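Understanding the architecture of this molecule
Each chain, written out:
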Amino acid sequence: NAGVTQTPKFRILKIGQSMTLQCTQDMNHNYMYWYRQDPGMGLKLIYYSVGAGITDKGEVPNGYNVSRSTTEDFPLRLELAAPSQTSVYFCASSYDRVGGYTFGSGTRLTVV
Amino acid sequence: GENVEQHPSTLSVQEGDSAVIKCTYSDSASNYFPWYKQELGKRPQLIIDIRSNVGEKKDQRIAVTLNKTAKHFSLHITETQPEDSAVYFCAASRKNTGFQKLVFGTGTRLLVSP
C-alpha cells in the first residue's frame, strides 16, 4: 500500500512551458485534492475531485487544469508556466467527506 | 468562505515544556478541525482531529480543545521533545452539499531546544 504517490519530486520549468504533475493513490479514495504551498504560507486548494469524472475549482485554480478519468489518478496540468507558479505542490486524498487527508510527498516546482 | 487564522507563527520552547498553538475560524458552520505536522521537506501528516460535537480530545502528549462559541481551537503538546520540532497547521471545514474542503491556517513553526 503506497498511499499517495506524486511525480516528479523536483522540476525546473522555463516561462511558457507546460507540464503535468502526476498523482496516484492506491487506497480507493473517492476524494482527491491539489494544494500549493508557498514559503511561509499555508496550503491553498487548487482543484479537487469527488470521484472519477468529477472535478471542481478550489481557491486558486487560475493557470491550472485537472482531469480525473480513474479513481486512482488525478493529474494537474500547467499549460503556460509563470514565475508565480513557483511553489511546492501537494496532492492529497481522503476516504470520505468528513475526515483527514493523506498527502503525497510533494513536487517542488521552480519557474524561471 | 471560511478563513482560518493561526498564532503564533513561530514558537520556541525548551525540551519538557508545553506548547500551545491557537487557531480561529470564521464560519460558524465548520464542524471538523484537524491538525497536521509537517517536518522539514516532508509531507503534512495528520496528528489529531476533533469534530464539533466534542470539546476536547487527547492522544498521549497531544490534545486539541474546541470552543465553538468563540470559534477557536487549540493544539496542546506536553513534555515537548526535539522530535516535535516541525511546522504545525490547523484546518477547518464544514460539510457542504456532499463535500467538505479543508481550509488551512498559515502554520506555526515549533522549535524544541534540548
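See the structure above.
This write-up is about the structure you can find in this document. The model shown is predicted, which means the values in this text are computed figures rather than measured ones. (Residues numbered from 1 in each chain as written. Chains lettered and ligands numbered in written order. Predicted model: local features only at pLDDT ≥ 70, side-chain atom pairs only at ≥ 80, totals over all residues. Heavy atoms only, no water.)

Of regular secondary structure, chain B possesses zero helices and 11 strands. Counting helices and strands in the order they occur from the N terminus, chain B gives β-β-β-β-β-β-β-β-β-β-β. Projecting the C-alpha coordinates of chain B onto the three principal axes gives extents of approximately 45 × 30 × 20 Å. Sorting the 114 residues of chain B into buried and exposed places 44% on the buried side. Sequence-distant contacts, at least 24 apart, represent 54% of the contacts inside chain B between residues at least 6 apart. (Helix = DSSP H or I, 4+ residues; strand = E, 2+ residues; numbered from the N terminus. Buried < 20%, exposed > 50% of the residue type's maximum accessible area, 1.4 Å probe, protein only. Contact = heavy atoms within 4.5 Å.)

On to the sheet that holds strand E8 (residues 72-77) of chain B. Residue and element names in this part refer to chain B. Pairing is antiparallel across the open sheet formed by five strands, whose spatial order is E1-E3-E8-E7-E6. In this open sheet, the two strands that pair with only one neighbour each are strand E1 (4-7) and strand E6 (56-59). Taken over all neighbouring pairs, the strand axes of this sheet differ in orientation by 15° on average, direction set aside. When E6 meets strand E7 (residues 62-67), the two strands line up antiparallel, connected through four bridges. By the bridge assignment, Lys58 is partnered in E7 with Ala63. (Pairing = 2+ DSSP bridges. Axes fitted to C-alpha atoms, helices over the stretch in contact; angles between N-to-C directions.)

All right, on to the pairing of strand E5 (residues 43-51) of chain A then. Residues and elements named next belong to chain A. In terms of burial, E5 is largely enclosed, as seven of its nine residues are buried. As paired elements, strand E4 (residues 31-37) and E5 share six bridges and run antiparallel to each other. Along E5, the bridge assignment pairs Trp34 with Tyr47. Hairpin remark: E4 followed by E5, antiparallel, with five residues in the connecting loop; positive phi at Gly40, about 70°. Where E5 meets strand E6 (residues 54-57), three bridges bridge the pair, whose relative direction is antiparallel. Opposite Tyr47, over in E6, you have Lys57 as the bridge partner.

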